[in-house]
Amino acid sequence: MKTTILVIGIVRNGDQVLLRKKPDGSPPYKETWYLFGGVLNADNQNPDEVLISTLKKQTGIDIKITEHLGWDTETKPDHDGNTTFYIYLDCLCEYVSGDLVPAEGIEKLEWVPMGQLSSYDLVPPSRKLFKKVGYL
C-alpha cells in the first residue's frame, strides 16, 4: 500500500474559513468541499513552506501558519483508485493578503462563515478536522 504525507491547513480570515469545491466527478469524494493540503515529497522539505507554497499556487493568497494541531490518518483510494494510507499534519492558518484566484482543477473558492460549515457537503477528513477544532 502506498503512503502519502500531506500538510493540511484550515485558513481563517476573521470568523470565516476558506474552502474549495472539487470539480464535478473528481475522485475520490465527488462534488464536495474541502480544505487545502500540500504533499511532502522529500525528507528535507519544510512542512510549513510546502503548505504556504501550495496555498499561494492554488488560491493566489498569502497565509501564515499559527498552530500545528497534530497528526491524523486515513486510508482511501487515491485519484487513480489505488488504496493509499494518508498521513495528515493538520495546521491552523491565517489569511495575510492577496485576492482569491482559483488554480486549474479548483471549481470554486469561498470564504465560509464558521457557523455555516455544517450546511456544506464536506469531505470526511475536513469534517473530522473541523470537529476536532470545535468548528462543527
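Quick note: structure is the one above.
The rules we used
Residues numbered from 1 in each chain as written. Predicted model: local features only at pLDDT ≥ 70, side-chain atom pairs only at ≥ 80, totals over all residues. Heavy atoms only, no water. Pairing = 2+ DSSP bridges. Helix = DSSP H or I, 4+ residues; strand = E, 2+ residues; numbered from the N terminus. Contact = heavy atoms within 4.5 Å. Core = buried A, V, L, I, M, F, W, Y, C linked by side-chain atoms within 4.5 Å. Buried < 20%, exposed > 50% of the residue type's maximum accessible area, 1.4 Å probe, protein only.

Looking at chain direction, strand β1 (residues 2-13) and strand β6 (residues 83-97) are connected through 11 bridges and run parallel. Each residue of the ladder has a partner; that of isoleucine 5, found in β6, is isoleucine 87. Note that strand β5 (residues 62-77) and β6 share 14 bridges and pair antiparallel. If you follow glutamate 74 over to β6, its bridge partner there is tyrosine 86. Hairpin remark: β5 followed by β6, antiparallel, with five residues in the connecting loop; positive phi at glycine 81, about 90 degrees.

Attention now goes to the environment of tyrosine 86. With respect to the secondary-structure elements, tyrosine 86 resides in strand β6. Once the C-alpha coordinates of tyrosine 86 and threonine 3 are considered, the two residues, 83 residues apart in sequence, prove to be 5.8 Å apart. Once residues within four sequence positions are removed from consideration, tyrosine 86 is found in contact with Thr4, Leu6, Asp72, Thr73, Glu74, Lys76, Pro77 and Asp78.

Bringing the nonpolar core into the picture now. Counting residues in hydrophobic clusters, the biggest one holds 18 residues, and the most contacted among them are Ile10, Val17, Leu19, Leu35, Leu117, Phe130 and Tyr135. Not counting chain neighbours up to four residues away, the residues in contact with leucine 35 comprise Ile8, Gly9, Ile10, Val17, Leu18, Leu19, Arg20, Ser126, Leu129 and Phe130. Core analysis: the next-biggest nonpolar cluster, separate from the first, contains 17 residues, Val7, Val50, Ile65 and Leu89 among them.

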